[in-house]
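What follows is the residue order along each chain.
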Amino acid sequence: MSMDYSEEPTHSALLQVQGNHPFNAEAPVASLVEFNLTPEDLVYCRNLGPVREFDEETYSIVIKGGVNQELQYTIPELKASFENVQVVAALQCAGNRRNEMGAIKPVSGVGWDSGVIANCKWGGVRVCDVLTHAGVQPGNSHVCFASYATLCQDDEYYGSSITLERAMEFSSDALLAFEMNDEPLTAEHGGPLRLVVPGYLGARWVKWLDTIVISPSESPNFYQQRDYKILPPTVTSKDQAKPLWPKYPCMTSLPLNSIIGSTMFTSPTSLYIKGYAVPSPNANVAGVEVTTDGGKTWHDACITYQEGKWSWTLWEAELEGVAESGIVHCRARDAMGAVQPREGIWNLRGVAFNAWGTRSW
């Protein structure tokens, strides 16, 4: 399949490029942790094909499948037909920190550091409102989201799905989003319309969304059925993985995690540390601790930002009496008492790595 990258929009010069065709890039994590809401120029780009720009006035989405009435809306029609709402939520790639897992043993996928995350204010209309208006017929349990608007690497379109229960749950805050940080959503980040599923990995947040199908089964798309799954550590090759993809569930949420974004001496023996943490599927981040002796002694960090149940958590700590050089680790704790593990579990796709955050100074 031939892909034309000649008409891509200009990409942010602040990102660290991990691949050009398709364009994949992340922000320096030291820059990320300086902002509660991630500025657009620091929002990572994860693509599986060319980035295309579309006219918001004429771009449309269709809702079909197991519904009482098939619907089609342009973006202006969506805005006029349903309540416009906002939610702050962290968007995170499943492969965040993949390079750390790859240092244990080679993995398959784009080589990401820890900047494949963005905490933004998303504006749009609720998925549940649109589906309620369409009228969901009995016997359906999944909502399939697709983009036929641009080409992708492993299938004829990009598709994903979530359960109908999740989509219809008012408190899940799933959106058809056309704004990011109070500005129109740009093509670089899935505009003019993308799915936002707070609490779920970025692979479910379909960009350039143009089709919704109510279905009794999951999306048949490659990225739902044969990717973004955690296979056992014993699976070490793509050939071994082929017969196993159907036997393992698709990923939804990512695990409790924290990383260190920056360290800085504030005096010859005082070290100032900043980082971020993200919640588990079960509870929000309740605290972060840091250690400079491999976990023998832990020090509480101060949480400086957290906005609702879907945002990331920013934190900072200042340690006294440190040496000229060393290694600092961090770990997060959630409101149910779960603690980020010391080691992550290796898997072929290099996803969901959540070992203690680490940084040398």
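For the structure, see preceding data.
What counts as what
- Residue numbers here run from 1 along each chain, matching the order of that chain's written sequence.
- The predicted nature of this model means local features are confined to residues of pLDDT at least 70 and side-chain atom pairs, given and counted, to a pLDDT of 80 or more, with totals for whole chains, interfaces and linings taken over all residues.
- In computing side-chain values, all of the structure's heavy atoms are included and hydrogens and water are not.
- Only protein chains enter the area calculation, which uses a 1.4 Å probe; residues under 20% of their type maximum are buried, those over 50% are exposed, and those in between are partly exposed.
- Helix and strand definitions follow DSSP, with helices as H or I runs of at least four residues and strands as E runs of at least two, each counted in order from the N terminus.
- DSSP-based pairing: two strands are paired if at least 2 bridges between them are found.
- Helix axes are fitted only over the stretch in contact, all axes being lines through C-alpha atoms; the angle between N-to-C directions runs from 0 to 180 degrees.
- A pocket, in this scheme, is an open set of points on a 1 Å grid over the protein atoms alone with protein on both sides within 12 Å along at least 5 of 7 lines, while a cavity is a set where a 1.4 Å probe fits but cannot get out; residues line either one if an atom lies within 4 Å of a point.
- Grid points are joined across faces, edges and corners, and a volume is the space filled by probe spheres set on the points.
- Under the scheme applied here, ten amino acids are nonpolar (Ala, Val, Leu, Ile, Met, Phe, Trp, Tyr, Cys and Pro), four are charged (Asp, Glu, Lys and Arg), and all others, including Gly, are polar.
- By construction, the arc corresponds to the directions joining the helix axis to the C-beta atoms.

Enquirer: What is the right way to read the pairing of strand 19 (residues 327–334) from this model?
Expert: On a regular strand, each side chain points to the face opposite its neighbour's, so the side chains alternate between the two faces of the sheet. Within strand 19, 6 of the 8 residues are buried, which leaves it mostly tucked inside the rest of the structure. Bridging between strand 15 (residues 285–291) and strand 19 involves 6 bridges; their strand directions are antiparallel. Counterpart to V288 in the pairing with strand 19 is A332. Here strand 19 pairs with strand 20 (residues 357–360) via 4 bridges, running antiparallel. Across the sheet, residue C330 finds its bridge partner in strand 20, namely G357.

Enquirer: Which parts of the structure should I look at to understand the sheet that holds strand 17 (residues 302–306)?
Expert: Sheets are built from strands that pair by backbone hydrogen bonding, the pairs being arranged parallel or antiparallel. Taken in spatial order, the 4 strands line up as 13-14-18-17 in an open sheet, and their pairing is antiparallel. On the outer flanks of this sheet lie strand 13 (257–267) and strand 17, each paired with one strand and no other. On average, each strand axis in the sheet is inclined to that of its neighbour by 20°, with strand direction left out of account. Across 4 bridges, the pairing between strand 17 and strand 18 (residues 313–320) is antiparallel. Along strand 18, the bridge assignment pairs Q306 with T313.

Enquirer: What is the right way to read empty space enclosed by the protein from this model?
Expert: A water-sized probe rolled over the atoms picks out the places where empty space is left. Within the structure shown, the criterion is met by 2 cavities of 30 Å³ or more. As for the largest cavity, its lining consists of 25 residues, of which R46, N47, L48, Y158 and K207 are closest to the centre. For the lining of the largest cavity, a count of residues per class yields 15 nonpolar, 6 polar and 4 charged. For the second largest cavity, the calculated volume is near 50 Å³.

Enquirer: In this structure, what is going on with helix 4 (residues 127–134)? I would like to understand it.
Expert: Because the α-helix completes a turn every 3.6 residues, residues three or four places apart line up on one side. Along helix 4, the positions that sit buried rather than exposed are V127, C128, V130, L131 and A134. Angular distribution of buried residues about the axis of helix 4 spans 160°; they occupy a single face of the element. Two residues or fewer past helix 4, G135 is found with a positive phi of approximately 80°.

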